[in-house]
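# Working through the structure, step by step
Each chain, letter by letter, is given below.
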2 protein chains.
Amino acid sequence: MKATIYDVAKEAGVSIATVSNAINGKGNVSKKRREQILKIMEQMNYQPNVNASALMGKKTYTLGLLIPDISNPFFSEIARAIEDQAHQLGYSVIMCSTDNKDERVERYIALLEQKNVDGILIGTGIDNLDILTNLQAKHIPIVMISRETTTLEVDTVVADDFVGGIMAAQHLAEMGHRSIAILSEQLKVSSARERIRGFKQGLQDLQIPFDDDNIVICDYMIQEGRRGAGELLGREDRPTALFCCNDVLAIGAMQEARSLGIKVPEELSIVGFDDTILAAVVDPPLTTVAQPIMSMAKQAFQLMITNLDEEEPVKKRIVLRPEINIRQSTARVKS
Amino acid sequence: MKATIYDVAKEAGVSIATVSNAINGKGNVSKKRREQILKIMEQMNYQPNVNASALMGKKTYTLGLLIPDISNPFFSEIARAIEDQAHQLGYSVIMCSTDNKDERVERYIALLEQKNVDGILIGTGIDNLDILTNLQAKHIPIVMISRETTTLEVDTVVADDFVGGIMAAQHLAEMGHRSIAILSEQLKVSSARERIRGFKQGLQDLQIPFDDDNIVICDYMIQEGRRGAGELLGREDRPTALFCCNDVLAIGAMQEARSLGIKVPEELSIVGFDDTILAAVVDPPLTTVAQPIMSMAKQAFQLMITNLDEEEPVKKRIVLRPEINIRQSTARVKS
DNA sequence: CTGAAAGCGCTTACAG
DNA sequence: CTGAAAGCGCTTACAG
């Protein structure tokens, strides 16, 4: 049987209240008693039961992490970064893959509530704002990572998608591209919208025209990237460069180009977004905009902790600068 | 404030015992009362506090999942499969990336114990057997997935790595390869040992000689795959085919071959293991042995549940047959 | 400086 | 069929 606070109290010849105080550094326990108790705890290999103390209003030291899919490389990297932050401070994190379905989001949130998590990190899109509003009404701390809602006051940390878009545009423009198309995720995804807005801004700054007909919307799958690229590359006046809102679409585009006999980067430049492991592994290696995942996780976790400890902290929105990793999928346009 | 069992009892005009019985289908609550109570629970949006009921010896409906690294594609796929199984039955899973370090394993296990998880799924290597023995002594159900310990009696589900190795050998042999080398993970990894044993068996069955000098050991990283492949490909009598114990090493080998100007598959055939997303994305697409991840997760979870419910169930070892996915990284040897 | 007692939100015999 | 009471492992005033 696991040792309880009663066992150590009996062993130490004190009351459980004193043991509790010794553990938590509360009340006034004499130094001598305290050390003696701590020693006994060690000997008995006593670990306080977190759930029991949570019942008395203390923290559960458990957090929920909502992301679209833990098996997607981008989100698994986010998850790892969050896990590491959490682990350092003794928090556990429960993974929740939502598949971007509100219905799954709701089930998961209900589950997390029942388990009294201290807070929820949200890295997935949520269509129905009421879900978030309800969470706030229940005073469950939330922080959004890599996703955002403009309408709600909630702590969020994102990469600067707008600037990322500009970077991609500038790079392509420098390489001499003038006929460029975009492969986008669904426009309800806030980051996709921002990336496109930034990209168009970047082109406009350089006086390069862009027509919205050159945007094709895809779901977040390689197959979809192929389909979208196929549509664009089949046009009479085919683009010389593609800006893709994520690496997965970029890879789909690369595959489609190859099967159409279009050489990357000689005949078609491709830039992705996210800099997942996939970008490094593909041939040619993908030029892509990298989000500072580690920093994002650190900041997000910091915000979470602050929420947990303070009363009504002022909501923050932290925007981190991305960087473009130029590899071999982009080249000067052939003249 | 969240509704408690007292709130619904008061609202229903009954005692909390009756509410509890109604929820759990215990005792004898009249149908009418039961329905009335359930309705009120619904109205009040009452969710029982799992941690409180866990205190009375019920389950926490929380499981731990130990894997080397959630950001590694193979393990993130395992994690997703486990998560889906768990979610269906109302279990949450806490992710624990161990980096294959016993010290991290121990910290995580201590954390999981404090949180009273119902059981722990282990998909990571553990060097110090005492860690597992202790877990068993504490009667914490464990099941191993994709890893095993022969010395301990513990439920485990693995792919048949031995057969996977044979499949790889047969495929390469059929393609006419006779000069073959192996890129292995550290030999302390049980699955790597089995894969190699199977591979050698496969060759031997076909009377193809193999020399252990042709095995190079690498850590689980692309860079290491490059290094290992470089070593092998630099030899005077360079092999015409490489069997790699996982996709990551295979991809490292592909990259190294390319940078040495050796064409895959024309001059060098490569087969990997695991069939992660990476295998599909790389060029040429990688021939690789696939583990039936979904089935493995299902079985592992099933074993877990059985452990949770039954007294001392007989320990099982479930071995699932892998399959080889032949893509374009392997070809007939040039004659 | 220390302990008795009440309470957190539940479940489980047990009595009626 | 239903409820009073004890108890799970803790924490927190409060009294001494």
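Please refer to the structure placed before this passage.
Described in the following lines is the structure provided in the data block. These numbers were taken from a predicted model, which means no experiment stands behind them. (Residues numbered from 1 in each chain as written. Chains lettered and ligands numbered in written order. Predicted model: local features only at pLDDT ≥ 70, side-chain atom pairs only at ≥ 80, totals over all residues. Heavy atoms only, no water.)

Moving on, we get to the packing of aromatic side chains. Taken as a whole and assessed by the stated rule, the structure comprises 10 aromatic pairs over all chains. Pairing B:Tyr61 with B:Tyr91 gives two aromatic rings, centres 4.8 Å apart and planes at 45 degrees, and the pair type is tilted. Of this pair, B:Tyr61 sits in the loop between helix H4 (50–55) and strand S1 (62–67) while B:Tyr91 sits in the loop between helix H5 (73–88) and strand S2 (92–97), placing them 30 residues apart in sequence. Taking relative accessible area as the criterion, B:Tyr61 reaches 31% and is therefore assigned partly exposed. By relative accessible area, B:Tyr91 is classed as buried at 3%. The rings of A:Tyr61, A:Tyr91 and A:Phe301 are connected pair by pair, giving a single aromatic cluster. Taking the ring centre of A:Phe273 as reference, the NZ or CZ of A:Arg195 above it sits at 3.8 Å. (Phe/Tyr/Trp six-rings, centres within 6.5 Å; stacked < 30°, edge-to-face > 60°. Helix = DSSP H or I, 4+ residues; strand = E, 2+ residues; numbered from the N terminus. Buried < 20%, exposed > 50% of the residue type's maximum accessible area, 1.4 Å probe, protein only. Lys NZ or Arg CZ within 6 Å of the ring centre and 35° of its normal.)

With that settled, consider the interface of chain A and chain B. By a widely used convention, the size of an interface equals the accessible area lost when the partners come together. With 52 residues of chain A at the interface, the matching set in chain B holds 52 residues. Around 4700 Å² of area is buried between chain A and chain B when both sides are counted, 51% of it from carbon and sulfur atoms. Counting every contact that joins chain A to chain B gives eight salt bridges. B:Arg80 is the partner of A:Asp69 in a salt bridge, and the nearest nitrogen-oxygen pair spans 2.9 Å. The interface formed by chain A and chain B contains 31 residue pairs in polar contact (both at pLDDT 80 or more). Among the secondary structure elements, those contributing two or more residues to the side of chain A that touches chain B are helix H4 (50–55), strand S1 (62–67), helix H5 (73–88), strand S2 (92–97), helix H6 (102–114), helix H11 (247–259) and helix H12 (277–281) of chain A. It is H5(A) that provides the largest number of residues to the side of chain A that touches chain B, a total of eight residues. Here the residues of the side of chain A that touches chain B sort into 24 nonpolar, 15 polar and 13 charged. (Contact = heavy atoms within 4.5 Å. Buried area = accessible area lost by both parts, 1.4 Å probe. Salt bridge = Lys/Arg side-chain N within 4 Å of Asp/Glu carboxyl O. Polar contact = N/O pair within 3.5 Å; in protein donor to acceptor, adjacent residues only side chain to side chain. Nonpolar A, V, L, I, M, F, W, Y, C, P; charged D, E, K, R; others polar.)

The subject of this paragraph is the sheet that holds strand S9 (residues 269–274) of chain A. Residue and element names in this part refer to chain A. Read from one edge of the open sheet, six strands run S7-S6-S8-S9-S10-S12, paired in mixed fashion. Of all strands in the sheet, those bounded by a partner on one side alone are strand S7 (215–217) and strand S12 (323–325). Averaged over neighbouring strand pairs, the angle between their axes works out to 20 degrees when direction is ignored. Here strand S10 (residues 287–290) runs beside S12; their pairing, made up of three bridges, is antiparallel. Bridged to alanine 290 within S12 is glutamate 323. Each of strand S6 (180–184), strand S8 (241–244), S9 and S10 is contacted by H11, which is oriented at about 155 degrees to S9, the strand it contacts most. (Pairing = 2+ DSSP bridges. Axes fitted to C-alpha atoms, helices over the stretch in contact; angles between N-to-C directions.)

Time to look at the pairing of strand S3 (residues 119–122) of chain A. Residues and elements named next belong to chain A. On S3, burial covers both faces: Gly119 and Leu121 on one face and Ile120 and Ile122 on the other are all buried. Judged from the four bridges that link them, S1 and S3 form a sheet pairing that is parallel. Its bridge partner being in S3, glycine 64 is matched across the sheet by isoleucine 120. Inspection of the sheet shows S3 paired to strand S4 (residues 142–145) by three bridges, in the parallel sense. Residue isoleucine 120 lies in a different strand from S4, and its bridge partner there is isoleucine 142. Between S3 and its parallel partner S4, the chain crosses via helix H7 (residues 129–137), and the hand of that crossover is right-handed. (Right-handed = clockwise from strand over helix to strand, strands pointing away.)

Before going further, it helps to spend a moment on the relation of the copies chain A and chain B. When chain A is fitted to chain B, the best match, at an RMSD of 0.1 Å, comes from turning it 180 degrees and sliding it 0.0 Å along the axis. Put plainly, the chains are arranged around a two-fold axis. Of the C-alpha atoms belonging to chain A, the one lying closest to the rotation axis is found on A:Ile94, 2.2 Å away. Here 100% of the contact residues of chain A are again contact residues in chain B; the copies associate through an equivalent surface. (Least-squares fit on C-alpha atoms with pLDDT ≥ 70 in both.)

We now examine the protein's contact with DNA strand C. For DNA strand C, the set of nearby residues contains 28 residues, the closest of which are A:Thr18, A:Asn28, A:Met56, B:Ile5 and B:Ser20. Considering DNA strand C, the proportion of its atoms within 4 Å of the protein that are sugar or phosphate atoms stands at 67%. A distance of 2.9 Å is found between a phosphate oxygen of DNA strand C and a side-chain nitrogen or oxygen belonging to A:Arg33. B:Ala52 places a main-chain nitrogen or oxygen 3.3 Å from a base nitrogen of DNA strand C. Among the secondary structure elements, those contributing two or more residues to the surface near DNA strand C are helix H2 (16–24) of chain A together with helix H1 (5–12), helix H2 (16–24) and H4 of chain B. (Near = heavy atom within 4 Å.)

Residue and element names in this part refer to chain B. Across its 12 residues, helix H10 (residues 222–233) extends 16 Å between first and last C-alpha, which sits within 8% of the 16 Å expected from 1.5 Å per residue. Along H10, the residues that are buried comprise Ile222, Glu224, Gly225, Gly228, Ala229, Leu232 and Leu233. Projected down its long axis, H10 shows its buried positions confined to an angular sector of 160 degrees, all on one face. (Expected span 1.5 Å × (residues − 1). Arc of directions from axis to C-beta.)

The next subject is the pattern of salt bridges. Counting across every chain of the model gives 38 salt bridges over all chains. Residue B:Asp99 pairs with B:Arg104 through a salt bridge whose shortest N-O separation is 3.9 Å. In this structure B:Asp99 comes out as partly exposed when scored by relative accessible area, which is 30%. Using a relative accessible area of 16% as the deciding quantity, one classes B:Arg104 as buried. Residues joined by salt bridges that share partners form a network here, namely A:Asp69, A:Asp99, A:Arg104, B:Arg80 and B:Asp84.

Turning to the sheet that holds strand S7 (residues 215–217) of chain B, a few remarks are in order. Residue and element names in this part refer to chain B. Strand order in this open sheet of six strands is S7-S6-S8-S9-S10-S12, and the pairing throughout is mixed. Looking at strand neighbours, the two that pair on one side only are S7 and strand S12 (323–325), the edges of this open sheet. The mean angle between the axes of side-by-side strands here comes to 20 degrees, regardless of whether they run parallel or antiparallel. Sheet topology places strand S9 (residues 269–274) next to strand S10 (residues 287–290); four bridges connect them, and they run parallel. Across the sheet, the residue bridging to glycine 272 is threonine 288, located in S10. Sheet strands in contact with helix H8 (residues 161–174) are strand S6 (180–184), strand S8 (241–244), S9, S10 and S12, and its direction is about 165 degrees off that of S9. Against the sheet, H10 engages S6, S7 and S8, with an angle of about 155 degrees to S6.

All names here are of chain A. A rise of 1.5 Å per residue sets the reference length of H11, with its 13 residues, at 18 Å; its end C-alpha atoms lie 18 Å apart and thus fit the reference within 8%. The buried count for H11 comes to 11 of 13 residues, which makes it a mostly enclosed element. Among the residues of H11, those classed as buried are Asp247, Val248, Leu249, Ala250, Ile251, Gly252, Ala253, Met254, Gln255, Glu256 and Ala257. The distance from a side-chain oxygen at the start of H11 to the backbone nitrogen of valine 248 is 3.1 Å, and the residue carrying that oxygen is asparagine 246.

We now examine the environment of B:Gly90. Its place among the elements puts B:Gly90 in the loop between H5 and S2. Among the residues examined, B:Gly90 registers a relative accessible area of 15% and is labelled buried. When the C-alpha positions of B:Gly90 and B:Arg235 are compared, they lie 55 Å apart, and in sequence the two are 145 residues distant. What B:Gly90 contacts, discounting residues up to four positions off in sequence, is A:Arg107, A:Leu111, A:Lys115 and B:Tyr61.

Okay, unusual backbone geometry next. Where the residue is not glycine, phi is negative for most of them; where a peptide bond is considered, it is trans in most cases. Residue and element names in this part refer to chain A. Following valine 264, the chain continues into proline 265 via a peptide bond in cis, with omega recorded as 5 degrees. Along the polypeptide, proline 265 turns up in the loop between H11 and S9. Cis geometry is adopted by the peptide bond preceding proline 284, which originates at aspartate 283 and carries an omega value of 0 degrees. Residues other than glycine seldom take positive phi values, yet aspartate 99 does so here, at roughly 55 degrees. As for its position among the elements, aspartate 99 is in the loop between S2 and H6. Backbone geometry at serine 146 places phi at a positive 65 degrees, although glycine is not the residue there. For serine 146, a relative accessible area of 4% translates into the label buried.

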